[in-house]
Amino acid sequence: MKNKITLLAFMVIFQFTNLFAQEKTVTGKVTEINDGMTLPGVNVIVKGTNQGTVTDMDGFYSINVDENQILVFSSLGFETKEMKVGSQTTINIGMVANLEGLDEVVITALGISRDKKSLGYATQEVAGEDLNLTNEQNVIGSLSGRVAGVQVTGASGASMGGTQKIKIRGVNSIGGGDQPLIVVDGTPISNANFAGSDESDYGNLGQDINPTDIESVNVLKGPAASALYGIRGQYGVIMITTKKGSKGVKDVQVQVNSSFTVERAGNFMPVQNMYGGGSSQQFRTLANGDPYVDLSVDESWGPKMDGTPVRQVFSFYPQDDEYQQLTPFVAHPDNIKDYYETGYNFNKGITVSGGNENTTYRLSFNDTRIEGVEPNTYLDRNNLGLNASLDLSKKLTVSTNINYARNDAQRPKQGSEYGTGYFTQWFQRNIDMNRLKDYEYEDGTYLHWNLRRPDSNTGEIDNLSPLYWDNPYFDAYENTNKDSRDRFFGNVGLSYKVLPELELSAAVRGDIYTQNIETRTAFGGKRTPDFTIGKYENKEMNYEFLALYNKKWDDLSINGTLGGNIFNRRYSSLYQGTVGGLSSPGFYNIDASIDRPNVSNYLLRKQIRSMFGMLSLGYKDTYFVDASIRNDVSSALPEDNNSYWYPSISGSMVFSELVDWDTLSFGKLRASYAQAGSDLDAYQTSLPFGVGTVYNGTNTLFVPDNLNNPNIKPSFAHSYEAGIDLRFFKSRLGIDFTYYVQKNKNQIISLDVSGASGYSSSTINAGLIQNKGYEIAVTAKPIVMDNFKWDVNFNINRNKSEVVELAPGIDVYTYGSTTYSSVNSYLNSYVGEAFGSLVGQAYQRDEATGKILLGSDNMPLYTDATHNFGSVLPDFNGGLQNTFSIGNFNIAAMIDFQGGGQFFSRSKMLAVRTGQDPLTVATNDNGMNVRDPLEDGGGVKVTGVSAETGEDVTAYVDARSYYRNVLGRRIYEEWLYDASYIKLSEVRLGYTFGEKIMQKLPFKSVAVALIARNPAMIWQEAPEGIDPSAISTGSQSISWYESGQLVSVRSYGLNLNITF
Amino acid sequence: MKQTYIIVLLFSFIIGGCSNFDDDINTNPNLPSQASGTQLIANASLYLPGLASSPKGEFMAQYLAETQYVGASLYPEESTSFYGLYQGPLANLQAVIDSDGLSASQGPVPNQIAVAKILRAYFYWNITDRWGDVPYSEALKGAENFTPAYDTQEFIYNDLFQELKDANAMMVAGSISDDIIYGGDMSKWKKLGNTIRLLMALRLSEVDSSVAMQEFNDALAAGVFTSNSDNLVFRHLADANSQNYWYGQVVDQNREWWAITETLVEEMKPVNDPRLPVYADPARANGEYVGLKFGEEENIGTEEFSLLGSDIIAQDAPVYLITYAQVLFAMAEAAERNWISEDVEPLYNMAIEQSIVQWTGSSDGVQEFLNNPEIAFDENRAMEQIGNQRWVHLYMFGYEAWSEWRRTGYPNDLVSPNGADVPNRLSYPDNEAFNNQVNYEAAVQRQFNGQESIYGKVWWDL
């Protein structure tokens, strides 16, 4: 059906080629009305036709018209003017500038355009060109630092399209699942995620929007703004408006946009280069006396790398040129860096747009190819987009927006157990990475570095299977994960202007994707050969009906909306995985499963029916009141309790209309209150059984660990917001201040309960989480000259969260936990404290002095894993963008910053534990290396208080025992880092070719730019090598621990933009 | 114009508004809404091998020494969670016992309940022996009580005796289906219930010998194991879905992390114990059985020590949980304590014979072994010999052997690595301090004076 409508739209568009009679020629000049400056590029159209022209460099135009016709003059930034031709042959026009900001139109909920001044709540819009400063591929990622109150956290560029997460006004959901709704031209689209917290990060699905199609992004932050999205808008809405063709003179604009960037791995953790692999400083020896490197130890507590000739790993492979040879035992200081390659990102896009009086169209195609810094990783993406509208009659308009996206990727794995994260965690400093590159010998034997020790009699290694780690090149080329996704989203809509003040519209909106994920584990590595394949299909349809009423009397304006919506979701998946190994190498198929494979199919259906109304009243363009109400009925809620109402009210007063103070160009006070609700996933109100292992033909079933709740209610967010919007000096300085309080009640969470109840968690309505904060956005134009302009955009927000209550008798909620080497750590929320406290093992301290307590062996004592280290959430974050236009040059730089917050770094802990960190080869105050024997003055100096005697103790302890068994394993307090940072995230240096050159070229405009993404971390509190802005991996929605983080990627390149 | 507004209103109400959906839209098609009692019991049974197959348990009894991450075997003060046992097998068994919808098509309903009660008692027995006071009477109640109080071990023992008696009494003729342990044979379940009661009774020998003796004799009279075919054994399959834990570790993951301890080799090698070749492989370096000193940290080469035997790490290796030999050792000890009138020596000899048959599959070498002067019954060393041989027999069920060590002190040559003695219990899960704070703190206060420690003693451990 949809396809037919699209086809019809196309046919009609191309049949509009009417020709009109030409009676006489009218000429004239268009100027700015106040200062008389000539205006080039103004559209001059004969009303009701597709005939027209554009003013030249000197503001002159010439056009053939009929006496009865009307000329329409329009240009961006000016009020449109109409002039009846009559008998005139010269029509000079003075155009009135639209004072910026005063009459800004913003797209609000349901795609309704509103005067910004009439809104009683905060919205902040980001222009598409700012998002596209450096061709960032993920629109969520490019919002980072650009909107007050919005925090973006995400994956390193090395993840190849990894997940970017967004939080609006702090953590509003105890369960952490507070991602805003993404809406593209009125169509809600899925921002789902198929990643876990390790292995490949398949990214957030919101990135299927072609960034170059984006006209603007408007973030609706609070429930007031999103009340009209009901259940799905509780955590805010990201409204994306796409570029469209423009009505006017029949014109076709072709734009080609291409960029090429080089990607380099950067920000490596420092490592030591004195001691190599092993667990003892003495070499082990073969029967013939040859010393050898202990290959079975994936740590660097071994002998000094002093060039001693030893048997290294290659010498145990009979296929190797160095078989049985002794080679110098030396450091390879760059062995980690050597693994990374130079990646590139090649992006090509073309758009064709245009329109006439009745139609608009824009067709875009984009092709992105990224090769990652990790070997054998890539991401290919294609986007195809069509926007078109057609006035079928004066009253009836049909419009459509259709997007297709295709992704095809092979991404690196992350986390402590996969991929390259282990280099800083478990490795030998003496490994020559370049030597591992050819990972397969001619006879098919794989070369690994971590093997069992040789037989002490024969000096051979019989079992060449790797112990803990594969050769990373083997992993990269043999154990590949592939994923692909095809996706369509968009809408077809009809609108009918029944009366000048009443418009009815209906739309069908859809978002349909198929995600495929395939993983392979090859023969010859440390893991059992394995193959998994998953197909995930999602279809979300929205059927929408809207009636819009707009009427303005002298002083009074009315704006009313009434509508209904049906949301239908159908999600299904089919996953299969082999068990017990594969039948033959290279045959990756479920048929190859040795044992009964894992197979699961899943179906989810959900429907939400809604109706809503909104009424907005304005008086004298000064006082505005908005009220809205929405009813949602969700199929996922208990049948007798599934219908809920959400009201909102807001008001604003443009007080600058009342005061006569020239300096103040605009001033508005606003306040709002709103409720928004949220339901839960389907099937959570029934009590099913789980399907267990089939034992010898007996199917087993079990009671699930999570206890569902048949009496669940929707949760409600109550938000209170007040703000002031000020513009000074003809809008050259703007300050927008917002204070908000948001209370999220009755959160539907899976509450961890005592396992002794028989369940690990229970779905309950619990708690009250409160966020208070303020946001300041400043826009300034310090310099506005003809050939020198400086624009500043700055924003900062501060948020304080508090868990006010959980459930009766429960005052701790465990959001997440990790266990490593039997040591637990938690992310807990305690009643009365901020959301998300890190909890783990700390030093035991003397109560009186705070000094560390030491045991009888002088090792520090530690608490159990219940010490509360405080919240992980940042105190404030924000961004600063400076843009300069100097002649034909333009320079833009984007800075992100964050203050406060903390995280636990397992990478750092393990780097110390395994003797790779420079700390483990420090010189102590005896001038000896800490690894030297205690009797020679070596050892790590420890000071504290003896737990037994209470005496102060200063002692030296064995470095390996101290770092490996105590600090690097048990004392999490040592590995907590402040997450504050200031990052230069984007830089662009552009040049637009001047008119004179353009006249000689067949192009309308040409612009080139040097671009840099993530070029530098200006300052960070955390140690070098850990990027606090990219610590959360995959679908982990709150950043609280880092483990095997991918390296940072810095991209530098060139962008070329040509308009024909 | 009015008409238009009416149409608009109507349209909005038609599209939204009504609150009835297709009947099945929120019915989960992905999971079953019904489970038979025997399917739940079968799933609970899958957790049985997990009671034994645990490196931590083997460290407690010092059967195995860690070769790679020695720190894990140095008795760190860290919590061990019991949540998995409540959420897994116990929740299933409780659902069977509480169900009012059990169907006789899977066998007589009382038999389903009796089996669930026996298994529930067995899991609880393991839990209380490891941790001490634990949630029991208020546990497994789901939303009714998310913060169950801890019952004393004494209360739990007494209640479990009663539960096992009830189970014994309620059984009727007729087998049950989906029984992956005894193939539905109720006579074996009956013996199992009584055997558990017998062994539990013995555990109270020090704390309350009169109750112990009474329950022991009652259980014996009710009928306990009479041969190895009665054993509670979990038989793993040569199938990755139901494979032996040690196979996954040693073979699949290539982890040579565990060697046989010097203590165990010293106990077995000098007396040519026929079980040693099953328990361990000779060291690759010299072909000899070489034990690794428990807790040894310096430069361990796995080729120099005896690692787990190939039968022990086989994918389909059985896991022995309660065995006939254990019953015989218990009876030998009871005879020594004069709880029963039989002679000690034949029971002792028989216990060793049945142990060797169980582990090696034959009685070859039994007589020779029993003739060894170290092994031959010596009435002056009866308790020690029974204790040591029971320890050898309980190989690879470290937690059970550790309980017997705590009760009897045998074997008396366990080492204290790095000065750390063998613990007396496991530390409670640390998230109990978040999830069940009041009850957790009360239990720690009541038993250990507020100081949670692996060196606090459980009730029966004097």
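Analysis parameters
Residues numbered from 1 in each chain as written. Chains lettered and ligands numbered in written order. Predicted model: local features only at pLDDT ≥ 70, side-chain atom pairs only at ≥ 80, totals over all residues. Helix = DSSP H or I, 4+ residues; strand = E, 2+ residues; numbered from the N terminus. Rg over C-alpha atoms; globule rule 2.2 N^0.38 Å. Contact = placed C-beta atoms within 7 Å. Buried ≥ 20, exposed ≤ 12 C-beta atoms within 10 Å, placed from the backbone. Pairing = 2+ DSSP bridges. Nonpolar A, V, L, I, M, F, W, Y, C, P; charged D, E, K, R; others polar. Axes fitted to C-alpha atoms, helices over the stretch in contact; angles between N-to-C directions. Core = buried A, V, L, I, M, F, W, Y, C linked by C-beta atoms within 7 Å. Expected span 1.5 Å × (residues − 1). Parallel < 35°, antiparallel > 145°, perpendicular 65-115°, else oblique. Left-handed = near helix turned anticlockwise from the far one by under 90°. pLDDT = per-residue confidence, 0-100.

### Section: the overall build of chain A
- Helix and strand content of chain A: nine helices and 57 strands.
- Here the C-alpha radius of gyration of chain A, 32 Å, is about what a compact globule of 1060 residues would show, namely 31 Å.
- With respect to the principal axes defined by its C-alpha atoms, chain A has extents near 110 × 70 × 65 Å.
- A separation of at least 24 residues holds for 68% of the contacts in chain A among residues at least 6 apart in sequence.

### Observations concerning the overall build of chain B
- Of the regular secondary structure elements, chain B holds 19 helices and six strands.
- Counting over 462 residues, chain B shows a buried share of 52%.
- In chain B, the share of contacts with a sequence separation of at least 24, taken over all contacts with a separation of at least 6, comes to 76%.

### Overview of the pairing of strand β57 (residues 1048-1059) of chain A
- As defined by bridge partners, strand β18 (residues 251-266) of chain A adjoins β57(A) across twelve bridges and the pair is classed as antiparallel. Looking at the pairing, V262(A) lines up with Y1052(A) of β57(A).

### Remarks on the interface of chain A and chain B
- With 82 residues of chain A at the interface, the matching set in chain B holds 69 residues.
- If one sorts the elements of the side of chain A that touches chain B by residue count, strand β32 (residues 593-619) of chain A sits on top with ten residues.
- Among the residues making up the side of chain A that touches chain B, the classes are represented as 33 nonpolar, 38 polar and eleven charged.

### A short note on the sheet that holds strand β16 (residues 214-220) of chain A
Residues and elements named next belong to chain A.
- Taken together, the five strands give an open sheet; going across it, the order is β10-β16-β17-β13-β14, and neighbouring strands pair in mixed fashion. The two strands at the open ends of the sheet, each matched to only one other strand, are β10 (123-127) and β14 (187-189). With strand direction ignored, the average angle separating the axes of adjacent strands in the sheet is 25 degrees.
- The sheet contact formed by strand β13 (residues 181-184) and strand β17 (residues 237-242) spans four bridges and is parallel. Bridging from a neighbouring strand, I182 pairs with I238 of β17.

### Thoughts on the sheet that holds strand β6 (residues 81-84) of chain A
Residues and elements named next belong to chain A.
- Taken in spatial order, the four strands of this open sheet run β3-β2-β5-β6, and their pairing is antiparallel. Two strands in the sheet have a free side with no partner beyond their single neighbour: β3 (52-54) and β6. Ignoring strand direction, the axes of neighbouring strands in this sheet form an average angle of 20 degrees.
- Two elements, strand β5 (residues 70-74) and β6, share four bridges in a ladder whose sense is antiparallel. Bridging from a neighbouring strand, F73 pairs with K81 of β6.

### Observations concerning the nonpolar core
- The biggest cluster of nonpolar side chains holds 246 residues, and the ones touching the most others in it are I118(B), I196(B), L198(B), L321(B) and A332(B).
- Ranked by residues supplied to this core, first place goes to helix α6 (residues 109-131) of chain B with 13 residues.
- Counting residues in each nonpolar core, the second largest holds 43 residues, with I209(A), V219(A), V237(A) and L546(A) among its members.

### Notes on unusual backbone geometry
- Residue Y410(B) is joined to P411(B) through a cis peptide bond whose omega torsion reads 0 degrees.
- By the element assignment, P411(B) lies in the loop between α17 (398-408) and α18 (432-435).
- Unlike most non-glycine residues, Q324(A) shows phi in positive territory, near 65 degrees.
- As for its placement among the helices and strands, Q324(A) is situated in the loop between β21 (309-311) and β22 (326-328).
- Since 15 C-beta atoms lie within 10 Å of it, Q324(A) is described here as partly exposed.
- The phi dihedral of N418(B) is positive, around 55 degrees, even though this residue is not glycine.
- The class for N418(B) is partly exposed, based on 15 C-beta atoms found within 10 Å.

### Some thoughts on the environment of E432(B)
- One can find E432(B) in helix α18.
- What E432(B) contacts, discounting residues up to four positions off in sequence, is S754(A) and Y440(B).

### Here's the deal with helix α16 (residues 382-393) of chain B
All names here are of chain B.
- In this model α16 runs 16 Å from its N-terminal to its C-terminal C-alpha over twelve residues, within 8% of the 16 Å that 1.5 Å per residue would give.
- Within the span of α16, buried status applies to Q385, I386, G387, Q389, R390, W391, V392 and H393.
- Looking at the buried side of α16, the elements it contacts are α11 (262-268), α13 (324-336), α14 (344-360) and α17.

### Here we look at the pairing of strand β54 (residues 981-992) of chain A
Residues and elements named next belong to chain A.
- In the sheet, strand β49 (residues 889-900) pairs with β54 via ten bridges, with the strands oriented antiparallel. Residue pairing in the sheet places D896 in a bridge with K983 of β54.
- With eleven bridges connecting them, β54 and strand β55 (residues 1005-1020) associate as antiparallel partners. Across the sheet, residue G990 finds its bridge partner in β55, namely A1009.

### Topic: the packing of α6(B) against helix α7 (residues 153-170) of chain B
Residue and element names in this part refer to chain B.
- With their axes 9 Å apart at the nearest point, α6 and α7 run at an angle of 160 degrees to one another. Judged by the angle between their axes, α6 and α7 are roughly antiparallel. The handedness of the crossing between α6 and α7 is left-handed. Of the residues in α7, those touching α6 at P110, I113, A114, K117, I118, A121, Y124, W125 and T128 are Q153, I156, L160, E163, L164, D166, A167 and M170.

### Focus on the packing of α16(B) against α17(B)
Residues and elements named next belong to chain B.
- Interaxial distance between α16 and α17 falls to 10 Å at its minimum, and their mutual angle equals 165 degrees. As judged from the angle between their axes, α16 and α17 are roughly antiparallel. The two elements α16 and α17 meet at a crossing, and its hand is left-handed. Seen from α16, the contacting residues are M383, G387, R390 and W391; seen from α17, they are A401, E404, W405 and T408.
- In terms of residue class, the contact of α16 with α17 is made up of four nonpolar, two polar and two charged.

### Observations regarding the environment of A335(B)
All names here are of chain B.
- Residue position: A335 is located in helix α13.
- Along the chain, A335 and R381 lie 46 residues apart, while their C-alpha atoms are 14 Å from each other.
- Residues contacting A335, with those up to four places away along its chain left out, are I340, E342, D343, V344 and L347.

### Thoughts on the confidence of the model for chain A
Residue and element names in this part refer to chain A.
- The predicted model of chain A has a mean per-residue pLDDT of 88, with 95% of residues at 70 or higher.
- By mean pLDDT, the top-scoring element of chain A is β21 (97), and the lowest-scoring one is helix α1 (residues 2-15) (42).
- In this model, residues 1-22 is a region of pLDDT below 50 whose contacts with residues beyond four sequence positions or in other chains number 23 contacts.

### Thoughts on the environment of F531(A)
Residue and element names in this part refer to chain A.
- Note on placement: F531 falls in strand β30 (residues 530-552).
- Taking the C-alpha atoms as reference points, F531 and R485, 46 residues apart in sequence, are found 19 Å from one another.
- Contact partners of F531, with chain neighbours within four places excluded, come to R520, T578, L582, Y588, N589, I590 and A592.

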